[in-house]
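# Observations on the model geometry
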Amino acid sequence: MEAQGSRRRHLPVLLLWVNGLMTLGFAGARQQSELCNESLMLEKLPACGKSFEEMMKRVDSKKWCNLTEFIMYYDNFTQCTEREANNASCFWPNPLAEGFITGIHKQFFSNCTSEKVHWEDPPDEILITLILIPVLLTCAMITLVVWCSKRSDILV
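In this report, the structure presented in the accompanying data block is examined. This one's a predicted model, so the numbers in the text were calculated from it and none came from an experiment. (Residues numbered from 1 in each chain as written. Predicted model: local features only at pLDDT ≥ 70, side-chain atom pairs only at ≥ 80, totals over all residues. Heavy atoms only, no water.)

Another aspect to go through is the side chain of Glu84. Residue position: Glu84 is located in helix H3 (residues 71–87). Here Glu84 sits buried without a salt bridge, and the closest side chain of opposite charge, Arg83, lies 4.4 Å off (N-O distance). Excluding its chain neighbours within four sequence positions, the residues that come into contact with Glu84 are Met41, Lys44, Leu45 and Cys48. (Helix = DSSP H or I, 4+ residues; strand = E, 2+ residues; numbered from the N terminus. Buried < 20%, exposed > 50% of the residue type's maximum accessible area, 1.4 Å probe, protein only. Lys, Arg positive; Asp, Glu negative; His and termini not counted. Salt bridge = Lys/Arg side-chain N within 4 Å of Asp/Glu carboxyl O. Contact = heavy atoms within 4.5 Å.)

This is the structure:
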């Protein structure tokens, strides 16, 4: 009996200890203790861009807007930028890496924007119908509920 009481007293301490371990990253979360070396990252990222540029030379420029033609190259580029950011103790993505990636996008994919769809309202007759049907159905349902609640012979 006394052993059980002792266990109960030690349970909060055990829970706090486990919580501390998890907070410190014992559960697999990696904490960054070093500050981001932005200059090192900016020095290394162009190598990723150069490698991507070399790989994109293998793809016909007319096919640059078709992602299936170069998805593996883009994946390598993404992994390279992530690796270099992590090697510089920086999170990824971060504003500097995003700026670099945006520059690569402008270089290779600036002509890939799709035509913007111009949305128009439907004609007034259709618009009025689409608005009135739910309003009238709501009114009809409210009327039906009120009418049924006043008739006691329907309620069983």
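Moving on from the coordinates now.
This paragraph deals with a nonpolar patch on the surface. On the surface, Leu67, Ile71 and Met72 cluster together to form a nonpolar patch covering roughly 290 Å² of accessible area. As for its position among the elements, Leu67 is in the loop between helix H2 (38–56) and H3. Relative accessible area serves as the criterion here: at 45%, Leu67 is assigned to the partly exposed category. (Patch = residues over 30% accessible without salt bridge, like charges linked within 9 Å, V, L, I, M, F, W, Y side chains within 5 Å. Areas by Shrake-Rupley, 256 points an atom, 1.4 Å probe, with all protein chains shown as cover.)

On the surface, Glu120, Asp121, Asp124 and Glu125 cluster together to form a negatively charged patch. Along the polypeptide, Glu125 turns up in helix H5 (residues 124–150). (Charge placed at Lys NZ, Arg CZ, Asp CG, Glu CD.)

The next point concerns H3. When the terminal C-alpha atoms of H3 are compared, their 24 Å separation across 17 residues agrees well with the 24 Å that a helix rising 1.5 Å per residue should span. Those residues of H3 that fall on the buried side of the exposure criterion are Tyr73, Tyr74, Phe77, Cys80, Thr81, Glu84 and Ala85. Buried residues along H3 cover an arc of 125 degrees about the axis, so they all sit on one side. The outward face of H3, more than 90 degrees from its buried face, is lined by the exposed residues Met72 and Asn87. Among the structural elements, H2 and helix H4 (95–109) are those in contact with the buried residues of H3. (Expected span 1.5 Å × (residues − 1). Arc of directions from axis to C-beta.)

Coordinates in, geometry out; function isn't part of it.
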